[in-house]
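Fold and contact review
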Amino acid sequence: MTQSNIAASAASLSPSGGQQSAGATGPGRLGLWVMLSGTFLVVLDFFIVNVALPSMQRELLASAGTLQLVVAGYGLATAAGLITGGRLGDLFGRRRMFMLGLLLFTLASAACGFAPNAEMLVAARVLQGLAGALLQPQVLAMIGLAYIGEGRARAFAAYGLTLGLGATLGQLVGGLLIHADPAGLGWRSCFLINVPIGLLAWVLAPRVIPPLANSGNSRLDLAGMLLAAAGSVAVVLPLVEGREQGWPLWSWLCLAAALPLLAAFAFQQRRLALRGGAPLVAPALLANGRFVTGLLTTLAFYVGNASLYFVLALYLQQGLALGPLASGMVFTSLAVGFFATSMAGARLARRFGGKPPIALGALVLAAGHALQFVNVAGWAGHSHVVAWMVPLLLVQGAGLGMVMAPLVSTVLAGLPPQHAGVASGVLSMVQQASNALGVALIGILFYGRLENATDTAAYSGAFGVALVYLMVSALLVAMFHWRGTRPSAPRL
(Lines give C-alpha, C1' and ligand atoms only; values in the text may rest on other atoms or scores of the structure.)
Protein backbone atom coordinates (compact mmCIF):
# COMPACT_ATOMS: atom_id res chain seq x y z
CA MET A 1 0.00 0.00 0.00
CA THR A 2 1.34 3.45 -0.82
CA GLN A 3 1.81 5.86 2.03
CA SER A 4 -0.89 8.21 0.77
CA ASN A 5 -3.47 5.44 0.42
CA ILE A 6 -2.67 4.02 3.85
CA ALA A 7 -2.96 7.47 5.33
CA ALA A 8 -6.34 8.00 3.69
CA SER A 9 -7.52 4.64 4.95
CA ALA A 10 -6.41 5.38 8.48
CA ALA A 11 -8.00 8.81 8.35
CA SER A 12 -11.34 7.39 7.31
CA LEU A 13 -11.15 4.68 9.93
CA SER A 14 -10.53 7.22 12.63
CA PRO A 15 -13.58 8.50 14.44
CA SER A 16 -12.51 12.06 14.00
CA GLY A 17 -12.51 11.78 10.24
CA GLY A 18 -8.76 11.88 10.00
CA GLN A 19 -8.17 14.97 12.19
CA GLN A 20 -5.04 14.78 14.25
CA SER A 21 -5.37 14.69 17.99
CA ALA A 22 -4.42 17.93 19.60
CA GLY A 23 -0.70 18.24 19.82
CA ALA A 24 -0.04 14.85 18.34
CA THR A 25 3.48 14.79 16.96
CA GLY A 26 3.99 11.05 17.25
CA PRO A 27 4.68 8.86 20.26
CA GLY A 28 8.30 8.29 19.28
CA ARG A 29 10.20 5.24 18.14
CA LEU A 30 9.39 3.11 21.19
CA GLY A 31 5.69 3.87 20.83
CA LEU A 32 5.78 2.82 17.19
CA TRP A 33 7.58 -0.40 18.07
CA VAL A 34 4.92 -1.21 20.65
CA MET A 35 2.13 -0.61 18.12
CA LEU A 36 3.85 -2.69 15.46
CA SER A 37 4.56 -5.53 17.89
CA GLY A 38 0.84 -6.26 17.86
CA THR A 39 0.71 -6.43 14.06
CA PHE A 40 3.86 -8.55 13.96
CA LEU A 41 2.47 -11.11 16.42
CA VAL A 42 -0.86 -11.43 14.61
CA VAL A 43 0.77 -11.98 11.20
CA LEU A 44 3.59 -14.16 12.54
CA ASP A 45 1.19 -16.54 14.27
CA PHE A 46 -0.68 -17.31 11.07
CA PHE A 47 2.52 -18.62 9.46
CA ILE A 48 4.75 -19.83 12.29
CA VAL A 49 2.56 -22.88 12.94
CA ASN A 50 3.17 -24.36 9.48
CA VAL A 51 6.63 -25.60 10.34
CA ALA A 52 5.32 -26.96 13.67
CA LEU A 53 2.39 -28.95 12.23
CA PRO A 54 4.17 -32.32 11.95
CA SER A 55 5.44 -32.06 15.56
CA MET A 56 1.93 -31.14 16.75
CA GLN A 57 0.43 -34.08 14.90
CA ARG A 58 2.86 -36.57 16.44
CA GLU A 59 2.50 -35.31 20.01
CA LEU A 60 -1.23 -34.63 20.08
CA LEU A 61 -2.22 -37.47 17.71
CA ALA A 62 -4.10 -34.89 15.66
CA SER A 63 -5.95 -35.75 12.47
CA ALA A 64 -5.31 -34.08 9.14
CA GLY A 65 -8.56 -32.12 9.46
CA THR A 66 -7.57 -30.88 12.90
CA LEU A 67 -4.23 -29.67 11.54
CA GLN A 68 -6.08 -27.67 8.92
CA LEU A 69 -8.28 -26.16 11.63
CA VAL A 70 -5.19 -25.08 13.58
CA VAL A 71 -4.33 -22.86 10.60
CA ALA A 72 -7.73 -22.10 9.06
CA GLY A 73 -9.56 -21.60 12.38
CA TYR A 74 -7.17 -18.80 13.32
CA GLY A 75 -7.49 -17.06 9.96
CA LEU A 76 -11.26 -17.44 9.84
CA ALA A 77 -11.73 -16.04 13.37
CA THR A 78 -9.51 -13.08 12.52
CA ALA A 79 -11.41 -12.41 9.29
CA ALA A 80 -14.82 -12.64 10.97
CA GLY A 81 -13.89 -10.09 13.63
CA LEU A 82 -11.76 -7.50 11.83
CA ILE A 83 -14.44 -4.96 10.96
CA THR A 84 -16.16 -5.39 14.32
CA GLY A 85 -12.80 -4.83 16.02
CA GLY A 86 -12.44 -1.54 14.16
CA ARG A 87 -15.91 -0.45 15.27
CA LEU A 88 -15.08 -1.27 18.89
CA GLY A 89 -12.08 1.04 18.57
CA ASP A 90 -14.45 3.79 17.40
CA LEU A 91 -16.70 3.20 20.39
CA PHE A 92 -14.27 2.71 23.24
CA GLY A 93 -10.94 4.15 22.09
CA ARG A 94 -8.13 2.82 19.93
CA ARG A 95 -5.47 2.49 22.62
CA ARG A 96 -7.86 0.80 25.04
CA MET A 97 -8.96 -1.78 22.46
CA PHE A 98 -5.35 -2.28 21.33
CA MET A 99 -4.31 -3.08 24.88
CA LEU A 100 -7.30 -5.35 25.47
CA GLY A 101 -6.67 -7.21 22.22
CA LEU A 102 -2.96 -7.53 23.03
CA LEU A 103 -3.68 -8.94 26.50
CA LEU A 104 -6.25 -11.41 25.17
CA PHE A 105 -3.89 -12.45 22.36
CA THR A 106 -1.12 -13.07 24.90
CA LEU A 107 -3.40 -15.16 27.13
CA ALA A 108 -4.69 -17.14 24.14
CA SER A 109 -1.09 -17.77 23.06
CA ALA A 110 -0.36 -19.22 26.49
CA ALA A 111 -3.46 -21.41 26.17
CA CYS A 112 -2.17 -22.67 22.80
CA GLY A 113 1.24 -23.40 24.29
CA PHE A 114 -0.19 -25.43 27.17
CA ALA A 115 -3.02 -27.12 25.23
CA PRO A 116 -3.31 -30.73 26.49
CA ASN A 117 -4.95 -32.04 23.31
CA ALA A 118 -5.72 -31.12 19.73
CA GLU A 119 -9.27 -29.96 20.43
CA MET A 120 -8.11 -27.48 23.07
CA LEU A 121 -5.42 -26.24 20.70
CA VAL A 122 -7.99 -25.50 17.98
CA ALA A 123 -10.24 -23.71 20.49
CA ALA A 124 -7.33 -21.61 21.75
CA ARG A 125 -6.35 -20.77 18.16
CA VAL A 126 -9.86 -19.48 17.46
CA LEU A 127 -9.69 -17.30 20.58
CA GLN A 128 -6.26 -16.11 19.47
CA GLY A 129 -7.69 -15.15 16.08
CA LEU A 130 -10.57 -13.22 17.66
CA ALA A 131 -8.11 -11.34 19.88
CA GLY A 132 -6.01 -10.54 16.80
CA ALA A 133 -9.12 -9.17 15.11
CA LEU A 134 -9.60 -6.78 18.03
CA LEU A 135 -5.94 -5.76 18.12
CA GLN A 136 -4.96 -5.37 14.48
CA PRO A 137 -7.43 -2.71 13.23
CA GLN A 138 -6.33 -0.32 15.95
CA VAL A 139 -2.72 -0.17 14.78
CA LEU A 140 -3.31 1.43 11.38
CA ALA A 141 -5.81 3.90 12.84
CA MET A 142 -3.46 4.85 15.71
CA ILE A 143 -0.63 5.54 13.29
CA GLY A 144 -2.91 7.77 11.23
CA LEU A 145 -4.00 9.67 14.35
CA ALA A 146 -0.70 9.88 16.22
CA TYR A 147 1.75 10.91 13.48
CA ILE A 148 1.98 13.78 11.02
CA GLY A 149 4.28 14.71 8.14
CA GLU A 150 7.47 12.75 7.65
CA GLY A 151 6.91 10.88 10.90
CA ARG A 152 3.69 9.45 9.50
CA ALA A 153 5.42 8.43 6.26
CA ARG A 154 8.15 6.59 8.17
CA ALA A 155 5.57 4.93 10.44
CA PHE A 156 3.59 3.61 7.48
CA ALA A 157 6.75 2.33 5.83
CA ALA A 158 7.59 0.47 9.04
CA TYR A 159 4.04 -0.93 9.12
CA GLY A 160 4.40 -2.39 5.63
CA LEU A 161 7.79 -3.90 6.48
CA THR A 162 6.32 -5.48 9.61
CA LEU A 163 3.63 -7.25 7.56
CA GLY A 164 6.28 -8.76 5.28
CA LEU A 165 8.56 -9.77 8.14
CA GLY A 166 5.77 -11.54 9.99
CA ALA A 167 4.69 -13.52 6.93
CA THR A 168 8.08 -14.51 5.54
CA LEU A 169 10.05 -15.10 8.75
CA GLY A 170 7.39 -17.18 10.48
CA GLN A 171 8.67 -20.47 9.09
CA LEU A 172 12.31 -19.73 9.97
CA VAL A 173 11.51 -18.52 13.50
CA GLY A 174 9.37 -21.60 14.08
CA GLY A 175 12.11 -23.91 12.82
CA LEU A 176 14.73 -22.26 15.04
CA LEU A 177 12.51 -22.52 18.12
CA ILE A 178 11.65 -26.18 17.57
CA HIS A 179 15.30 -27.02 16.88
CA ALA A 180 16.51 -25.17 19.99
CA ASP A 181 13.75 -26.87 22.01
CA PRO A 182 13.91 -24.44 24.99
CA ALA A 183 12.98 -26.18 28.24
CA GLY A 184 11.87 -29.19 26.21
CA LEU A 185 8.82 -27.30 24.95
CA GLY A 186 9.21 -28.23 21.27
CA TRP A 187 6.42 -26.81 19.08
CA ARG A 188 4.80 -25.17 22.12
CA SER A 189 7.57 -22.57 22.16
CA CYS A 190 6.14 -21.19 18.86
CA PHE A 191 3.16 -19.94 20.89
CA LEU A 192 4.80 -19.27 24.25
CA ILE A 193 7.34 -16.89 22.67
CA ASN A 194 4.40 -14.48 22.31
CA VAL A 195 3.85 -14.28 26.08
CA PRO A 196 6.91 -12.20 27.14
CA ILE A 197 6.66 -10.03 24.01
CA GLY A 198 2.95 -9.43 24.50
CA LEU A 199 3.22 -8.68 28.21
CA LEU A 200 6.11 -6.25 27.68
CA ALA A 201 4.18 -4.42 24.96
CA TRP A 202 1.05 -4.35 27.16
CA VAL A 203 2.98 -2.80 30.07
CA LEU A 204 4.64 -0.21 27.83
CA ALA A 205 1.55 0.73 25.80
CA PRO A 206 -0.08 3.21 28.23
CA ARG A 207 3.31 4.85 28.80
CA VAL A 208 4.42 5.33 25.19
CA ILE A 209 1.15 5.49 23.17
CA PRO A 210 -0.89 8.66 23.73
CA PRO A 211 -4.66 8.47 24.35
CA LEU A 212 -6.36 9.20 21.04
CA ALA A 213 -9.76 10.83 20.71
CA ASN A 214 -12.78 8.78 19.66
CA SER A 215 -16.21 10.11 18.77
CA GLY A 216 -18.19 7.24 20.29
CA ASN A 217 -20.99 7.71 17.78
CA SER A 218 -20.48 4.44 15.87
CA ARG A 219 -22.86 1.53 16.40
CA LEU A 220 -22.12 -2.15 16.21
CA ASP A 221 -23.97 -3.97 13.45
CA LEU A 222 -24.50 -7.14 15.49
CA ALA A 223 -26.84 -8.74 12.96
CA GLY A 224 -24.37 -8.18 10.13
CA MET A 225 -21.50 -9.46 12.25
CA LEU A 226 -23.34 -12.71 13.08
CA LEU A 227 -24.50 -13.30 9.50
CA ALA A 228 -21.01 -12.73 8.07
CA ALA A 229 -19.41 -15.03 10.65
CA ALA A 230 -22.04 -17.76 10.14
CA GLY A 231 -21.68 -17.60 6.35
CA SER A 232 -17.88 -17.83 6.55
CA VAL A 233 -17.95 -20.79 8.94
CA ALA A 234 -20.58 -22.56 6.80
CA VAL A 235 -18.14 -22.44 3.87
CA VAL A 236 -14.81 -23.25 5.53
CA LEU A 237 -15.70 -25.76 8.28
CA PRO A 238 -17.21 -28.46 6.02
CA LEU A 239 -14.33 -28.06 3.55
CA VAL A 240 -11.84 -28.70 6.36
CA GLU A 241 -13.63 -31.53 8.18
CA GLY A 242 -15.90 -33.02 5.49
CA ARG A 243 -13.31 -34.96 3.48
CA GLU A 244 -11.84 -36.74 6.50
CA GLN A 245 -15.28 -37.70 7.83
CA GLY A 246 -16.50 -39.02 4.49
CA TRP A 247 -18.63 -35.96 3.67
CA PRO A 248 -21.42 -36.58 6.19
CA LEU A 249 -24.85 -34.97 5.91
CA TRP A 250 -23.96 -32.03 8.16
CA SER A 251 -21.15 -30.97 5.81
CA TRP A 252 -23.52 -30.76 2.83
CA LEU A 253 -26.13 -28.95 4.92
CA CYS A 254 -23.51 -26.36 5.94
CA LEU A 255 -22.44 -25.80 2.35
CA ALA A 256 -26.08 -25.52 1.27
CA ALA A 257 -26.73 -22.95 4.02
CA ALA A 258 -23.69 -20.82 3.14
CA LEU A 259 -25.20 -19.10 0.10
CA PRO A 260 -28.50 -18.15 1.82
CA LEU A 261 -26.56 -16.85 4.82
CA LEU A 262 -24.29 -14.69 2.68
CA ALA A 263 -27.28 -13.50 0.62
CA ALA A 264 -29.08 -12.59 3.85
CA PHE A 265 -25.97 -10.66 4.92
CA ALA A 266 -25.97 -8.68 1.65
CA PHE A 267 -29.70 -7.93 1.98
CA GLN A 268 -29.34 -6.87 5.63
CA GLN A 269 -26.40 -4.58 4.79
CA ARG A 270 -28.33 -2.88 1.99
CA ARG A 271 -31.43 -2.45 4.14
CA LEU A 272 -29.43 -1.01 7.04
CA ALA A 273 -27.73 1.50 4.73
CA LEU A 274 -31.09 2.63 3.33
CA ARG A 275 -32.32 3.25 6.88
CA GLY A 276 -29.33 5.48 7.59
CA GLY A 277 -27.48 2.92 9.73
CA ALA A 278 -23.82 1.93 9.72
CA PRO A 279 -23.45 -1.44 7.94
CA LEU A 280 -20.26 -3.46 8.11
CA VAL A 281 -19.90 -3.20 4.32
CA ALA A 282 -21.05 -0.06 2.54
CA PRO A 283 -23.25 -1.21 -0.41
CA ALA A 284 -21.90 1.68 -2.50
CA LEU A 285 -18.49 -0.01 -2.47
CA LEU A 286 -19.87 -3.12 -4.11
CA ALA A 287 -21.25 -0.97 -6.95
CA ASN A 288 -17.67 -0.04 -7.86
CA GLY A 289 -16.61 -2.48 -10.58
CA ARG A 290 -12.91 -1.72 -10.17
CA PHE A 291 -13.01 -2.30 -6.42
CA VAL A 292 -14.96 -5.56 -6.79
CA THR A 293 -12.47 -6.78 -9.38
CA GLY A 294 -9.70 -5.86 -6.95
CA LEU A 295 -11.38 -7.99 -4.28
CA LEU A 296 -11.55 -10.90 -6.72
CA THR A 297 -7.84 -10.45 -7.45
CA THR A 298 -7.15 -10.44 -3.72
CA LEU A 299 -9.28 -13.56 -3.24
CA ALA A 300 -7.45 -15.39 -6.03
CA PHE A 301 -4.04 -14.42 -4.61
CA TYR A 302 -4.66 -15.21 -0.95
CA VAL A 303 -6.30 -18.60 -1.54
CA GLY A 304 -2.85 -19.53 -2.86
CA ASN A 305 -0.79 -17.70 -0.23
CA ALA A 306 -1.14 -19.42 3.14
CA SER A 307 -1.94 -22.68 1.35
CA LEU A 308 1.54 -22.64 -0.25
CA TYR A 309 3.22 -22.41 3.16
CA PHE A 310 0.90 -25.10 4.53
CA VAL A 311 1.64 -27.81 1.94
CA LEU A 312 5.32 -26.89 1.53
CA ALA A 313 5.93 -27.40 5.26
CA LEU A 314 4.17 -30.77 5.20
CA TYR A 315 6.05 -31.91 2.10
CA LEU A 316 9.45 -30.89 3.44
CA GLN A 317 9.03 -32.44 6.88
CA GLN A 318 6.77 -35.44 6.33
CA GLY A 319 7.55 -36.21 2.69
CA LEU A 320 11.29 -35.46 2.61
CA ALA A 321 11.92 -36.06 6.34
CA LEU A 322 13.62 -32.70 6.88
CA GLY A 323 13.77 -31.40 10.43
CA PRO A 324 12.06 -28.17 11.46
CA LEU A 325 15.29 -26.16 11.25
CA ALA A 326 16.24 -27.50 7.82
CA SER A 327 12.67 -26.89 6.63
CA GLY A 328 12.82 -23.33 7.95
CA MET A 329 16.09 -22.73 6.13
CA VAL A 330 14.51 -23.86 2.84
CA PHE A 331 11.72 -21.34 3.44
CA THR A 332 14.40 -18.65 3.71
CA SER A 333 14.92 -18.87 -0.04
CA LEU A 334 11.26 -17.94 -0.55
CA ALA A 335 11.71 -14.98 1.81
CA VAL A 336 14.80 -13.73 -0.05
CA GLY A 337 12.94 -13.67 -3.36
CA PHE A 338 9.99 -11.95 -1.72
CA PHE A 339 12.08 -9.16 -0.20
CA ALA A 340 14.12 -8.64 -3.35
CA THR A 341 11.09 -7.76 -5.47
CA SER A 342 9.24 -6.02 -2.61
CA MET A 343 12.12 -3.61 -2.06
CA ALA A 344 12.45 -3.07 -5.82
CA GLY A 345 8.73 -2.33 -6.18
CA ALA A 346 9.11 1.39 -6.89
CA ARG A 347 11.76 0.80 -9.54
CA LEU A 348 9.67 -1.92 -11.17
CA ALA A 349 6.63 0.38 -11.25
CA ARG A 350 8.65 3.14 -12.95
CA ARG A 351 9.92 0.64 -15.52
CA PHE A 352 6.31 -0.28 -16.35
CA GLY A 353 5.02 3.26 -16.82
CA GLY A 354 4.27 4.01 -13.18
CA LYS A 355 1.97 1.04 -12.61
CA PRO A 356 3.01 -1.93 -10.45
CA PRO A 357 3.41 -5.06 -12.63
CA ILE A 358 1.01 -7.22 -10.64
CA ALA A 359 -0.10 -9.31 -13.62
CA LEU A 360 3.54 -9.95 -14.55
CA GLY A 361 4.29 -10.93 -10.95
CA ALA A 362 1.39 -13.38 -11.00
CA LEU A 363 2.77 -14.92 -14.21
CA VAL A 364 6.23 -15.18 -12.61
CA LEU A 365 4.59 -16.90 -9.64
CA ALA A 366 2.70 -19.31 -11.92
CA ALA A 367 5.93 -20.08 -13.77
CA GLY A 368 7.68 -20.75 -10.47
CA HIS A 369 4.92 -23.17 -9.45
CA ALA A 370 5.14 -24.89 -12.85
CA LEU A 371 8.93 -25.28 -12.61
CA GLN A 372 8.60 -26.58 -9.08
CA PHE A 373 6.05 -29.12 -10.34
CA VAL A 374 8.58 -30.34 -12.93
CA ASN A 375 11.24 -30.52 -10.24
CA VAL A 376 9.09 -32.52 -7.82
CA ALA A 377 7.82 -34.87 -10.54
CA GLY A 378 11.27 -35.36 -12.08
CA TRP A 379 13.21 -35.91 -8.86
CA ALA A 380 10.49 -37.65 -6.80
CA GLY A 381 12.15 -39.57 -4.00
CA HIS A 382 15.61 -38.21 -4.87
CA SER A 383 17.77 -35.92 -2.72
CA HIS A 384 18.27 -33.58 -5.71
CA VAL A 385 14.72 -32.32 -5.32
CA VAL A 386 15.76 -30.01 -2.46
CA ALA A 387 18.84 -28.76 -4.32
CA TRP A 388 16.64 -27.64 -7.22
CA MET A 389 13.81 -26.50 -4.96
CA VAL A 390 15.86 -23.73 -3.33
CA PRO A 391 16.51 -21.62 -6.49
CA LEU A 392 12.95 -22.25 -7.70
CA LEU A 393 11.62 -20.95 -4.40
CA LEU A 394 13.51 -17.74 -5.17
CA VAL A 395 11.40 -17.44 -8.34
CA GLN A 396 8.19 -18.18 -6.45
CA GLY A 397 9.13 -15.67 -3.75
CA ALA A 398 9.91 -13.03 -6.38
CA GLY A 399 6.45 -13.51 -7.87
CA LEU A 400 4.85 -13.25 -4.43
CA GLY A 401 6.68 -9.99 -3.74
CA MET A 402 5.69 -8.45 -7.08
CA VAL A 403 2.02 -9.13 -6.32
CA MET A 404 1.66 -8.78 -2.55
CA ALA A 405 3.59 -5.55 -2.03
CA PRO A 406 1.50 -3.30 -4.34
CA LEU A 407 -1.81 -5.20 -4.31
CA VAL A 408 -3.49 -3.36 -1.42
CA SER A 409 -2.75 0.14 -2.70
CA THR A 410 -3.88 -0.87 -6.19
CA VAL A 411 -7.22 -2.20 -4.94
CA LEU A 412 -7.89 0.96 -2.90
CA ALA A 413 -6.66 3.42 -5.53
CA GLY A 414 -9.24 5.91 -6.77
CA LEU A 415 -11.76 5.38 -3.96
CA PRO A 416 -13.22 8.54 -2.40
CA PRO A 417 -11.83 9.29 1.08
CA GLN A 418 -15.19 8.64 2.75
CA HIS A 419 -15.02 5.00 1.64
CA ALA A 420 -11.32 4.36 2.22
CA GLY A 421 -11.63 3.12 5.80
CA VAL A 422 -14.52 0.73 5.16
CA ALA A 423 -12.82 -0.50 1.98
CA SER A 424 -9.64 -1.24 3.95
CA GLY A 425 -11.65 -3.25 6.46
CA VAL A 426 -13.42 -5.22 3.72
CA LEU A 427 -10.10 -5.86 1.99
CA SER A 428 -8.49 -7.12 5.21
CA MET A 429 -11.47 -9.40 5.80
CA VAL A 430 -11.18 -10.85 2.28
CA GLN A 431 -7.44 -11.44 2.81
CA GLN A 432 -7.91 -13.37 6.04
CA ALA A 433 -10.96 -15.32 4.86
CA SER A 434 -9.16 -16.25 1.63
CA ASN A 435 -6.16 -17.54 3.58
CA ALA A 436 -8.46 -19.79 5.60
CA LEU A 437 -10.41 -20.91 2.53
CA GLY A 438 -7.20 -21.65 0.63
CA VAL A 439 -5.88 -23.90 3.40
CA ALA A 440 -9.20 -25.78 3.41
CA LEU A 441 -9.28 -26.24 -0.38
CA ILE A 442 -5.66 -27.27 -0.79
CA GLY A 443 -6.04 -29.64 2.16
CA ILE A 444 -8.79 -31.49 0.29
CA LEU A 445 -6.53 -31.88 -2.75
CA PHE A 446 -3.33 -32.69 -0.85
CA TYR A 447 -4.76 -35.22 1.58
CA GLY A 448 -7.13 -36.60 -1.03
CA ARG A 449 -4.18 -37.47 -3.28
CA LEU A 450 -2.11 -38.70 -0.36
CA GLU A 451 -4.86 -40.92 1.08
CA ASN A 452 -3.16 -43.12 3.71
CA ALA A 453 0.25 -43.43 2.05
CA THR A 454 3.35 -42.23 3.90
CA ASP A 455 6.16 -42.77 1.38
CA THR A 456 8.06 -39.98 -0.34
CA ALA A 457 6.60 -40.75 -3.76
CA ALA A 458 3.06 -40.32 -2.42
CA TYR A 459 3.94 -36.99 -0.82
CA SER A 460 5.56 -35.88 -4.07
CA GLY A 461 2.35 -36.69 -5.93
CA ALA A 462 0.25 -34.83 -3.37
CA PHE A 463 2.53 -31.80 -3.49
CA GLY A 464 2.39 -31.89 -7.29
CA VAL A 465 -1.41 -31.74 -7.22
CA ALA A 466 -1.19 -28.80 -4.79
CA LEU A 467 1.20 -26.99 -7.15
CA VAL A 468 -1.32 -27.31 -9.99
CA TYR A 469 -3.92 -25.66 -7.71
CA LEU A 470 -1.43 -22.90 -6.93
CA MET A 471 -0.72 -22.36 -10.65
CA VAL A 472 -4.42 -21.89 -11.31
CA SER A 473 -4.64 -19.42 -8.41
CA ALA A 474 -1.74 -17.36 -9.81
CA LEU A 475 -3.18 -17.33 -13.32
CA LEU A 476 -6.53 -16.12 -11.96
CA VAL A 477 -4.69 -13.26 -10.24
CA ALA A 478 -3.20 -12.21 -13.59
CA MET A 479 -6.58 -12.46 -15.32
CA PHE A 480 -8.55 -10.52 -12.70
CA HIS A 481 -5.91 -7.80 -12.45
CA TRP A 482 -5.82 -7.36 -16.22
CA ARG A 483 -9.62 -7.04 -16.31
CA GLY A 484 -9.57 -4.55 -13.46
CA THR A 485 -7.04 -2.26 -15.11
CA ARG A 486 -8.89 -1.95 -18.40
CA PRO A 487 -10.14 1.61 -19.06
CA SER A 488 -13.74 0.39 -19.28
CA ALA A 489 -13.79 -0.73 -15.63
CA PRO A 490 -16.41 1.44 -13.86
CA ARG A 491 -15.53 3.65 -10.93
CA LEU A 492 -17.52 4.77 -7.91
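Please read these numbers as outputs of a predicted model, since none were measured by experiment. (Residues numbered from 1 in each chain as written. Predicted model: local features only at pLDDT ≥ 70, side-chain atom pairs only at ≥ 80, totals over all residues. Heavy atoms only, no water.)

1. With respect to the overall build of the chain
- For the chain, the count of helices and strands is 19 helices and 0 strands.
- Counting only residues that meet the buried cut, the chain has 55% of its 492 residues in that class.
- For the chain, contacts bridging at least 24 residues in sequence account for 83% of all contacts bridging at least 6.
- About 19,400 Å² of surface is accessible on the chain, with carbon and sulfur atoms providing 69% of the total. (Helix = DSSP H or I, 4+ residues; strand = E, 2+ residues; numbered from the N terminus. Buried < 20%, exposed > 50% of the residue type's maximum accessible area, 1.4 Å probe, protein only. Contact = heavy atoms within 4.5 Å. Areas by Shrake-Rupley, 256 points an atom, 1.4 Å probe, with all protein chains shown as cover.)

2. With respect to helix 6 (residues 118-146)
- Across its 29 residues, helix 6 extends 41 Å between first and last C-alpha, which sits within 8% of the 42 Å expected from 1.5 Å per residue.
- Across the 29 residues of helix 6, 23 count as buried, placing the element largely inside the fold.
- Measuring from the backbone nitrogen of Glu119 back to the side-chain oxygen at the start of helix 6 gives 3.3 Å, which picks out Asn117 as the cap. (Expected span 1.5 Å × (residues − 1). Polar contact = N/O pair within 3.5 Å; in protein donor to acceptor, adjacent residues only side chain to side chain.)

3. What about the packing of aromatic side chains?
- By the definition in use, this model includes 11 aromatic pairs.
- When the centroid spacing of 6.1 Å and the interplanar angle of 55° are considered together, the rings of Phe446 and Tyr459 count as tilted. Here Phe446 is found in helix 18 (residues 417-450), whereas its partner Tyr459 is found in helix 19 (residues 456-484), with 13 residues between them in sequence. The two residues Phe446 and Tyr459 agree in class, both being buried.
- One aromatic cluster is present, built from ring pairs that chain together Phe46, Phe47, Tyr74, Tyr309 and Phe331.
- Of note, Arg125 hangs over the ring of Tyr74, and the distance from its end group to the ring centre comes to 4.2 Å. (Phe/Tyr/Trp six-rings, centres within 6.5 Å; stacked < 30°, edge-to-face > 60°. Lys NZ or Arg CZ within 6 Å of the ring centre and 35° of its normal.)

4. Topic: the side chain of Thr39
- Tracing the chain through its elements places Thr39 in helix 2 (residues 28-47).
- On the basis of relative accessible area, Thr39 is assigned to the buried category, the value being 0%.
- With residues up to four places along the chain from it excluded, the contact list for Thr39 reads Leu135, Gln136, Val139, Tyr159, Thr162 and Leu163.

5. Describing the pattern of salt bridges
- Tallied over the full model, the rule gives 1 salt bridge.
- Put simply, Glu59 and Arg188 hold a salt bridge, and the shortest N to O gap is 2.9 Å. With a gap of 129 residues between them, Glu59 in helix 3 (residues 53-60) and Arg188 in the loop between helix 7 (149-180) and helix 8 (189-192) connect regions that are remote in the sequence.
- For Glu59, a relative accessible area of 44% puts it in the partly exposed group. (Salt bridge = Lys/Arg side-chain N within 4 Å of Asp/Glu carboxyl O.)

6. Looking at the environment of Arg270
- Structurally, Arg270 is set in helix 11 (residues 249-274).
- The partly exposed category is assigned to Arg270, whose relative accessible area is 47%.
- For the pair Arg270 and Val281, spaced 11 residues apart in sequence, the C-alpha to C-alpha distance is 8.7 Å.

7. A closer look at a nonpolar patch on the surface
- On the surface, Phe373, Val374, Val468, Val472, Leu476 and Met479 cluster together to form a nonpolar patch covering roughly 470 Å² of accessible area.
- Every element with two or more residues in the nonpolar patch is listed here: helix 16 (358-378) and helix 19. (Patch = residues over 30% accessible without salt bridge, like charges linked within 9 Å, V, L, I, M, F, W, Y side chains within 5 Å.)

8. Quick notes on the packing of helix 13 (residues 306-319) against helix 14 (residues 324-343)
- The interhelical angle for the contact between helix 13 and helix 14, taken along N-to-C directions, is 135°, at an axis separation of 10 Å. Relative to helix 14, the element helix 13 lies oblique. Here the hand of the crossing between helix 13 and helix 14 comes out right-handed. Only Pro324, Ser327, Val330, Phe331 and Leu334 of helix 14 make contact with helix 13, whose side of the interface consists of Leu308, Tyr309, Leu312, Ala313, Leu316 and Gln317.
- In terms of residue class, the contact of helix 13 with helix 14 is built from 9 nonpolar, 2 polar and no charged. (Axes fitted to C-alpha atoms, helices over the stretch in contact; angles between N-to-C directions. Parallel < 35°, antiparallel > 145°, perpendicular 65-115°, else oblique. Left-handed = near helix turned anticlockwise from the far one by under 90°. Nonpolar A, V, L, I, M, F, W, Y, C, P; charged D, E, K, R; others polar.)

9. Notes on helix 16
- Its 21 residues place the ends of helix 16 30 Å apart at the C-alpha level, agreeing with the 30 Å of an ideal helix rising 1.5 Å per residue.
- Turning to helix 16, its buried residues are Ile358, Gly361, Ala362, Leu365, Ala366, Gly368, His369, Gln372, Asn375 and Val376.

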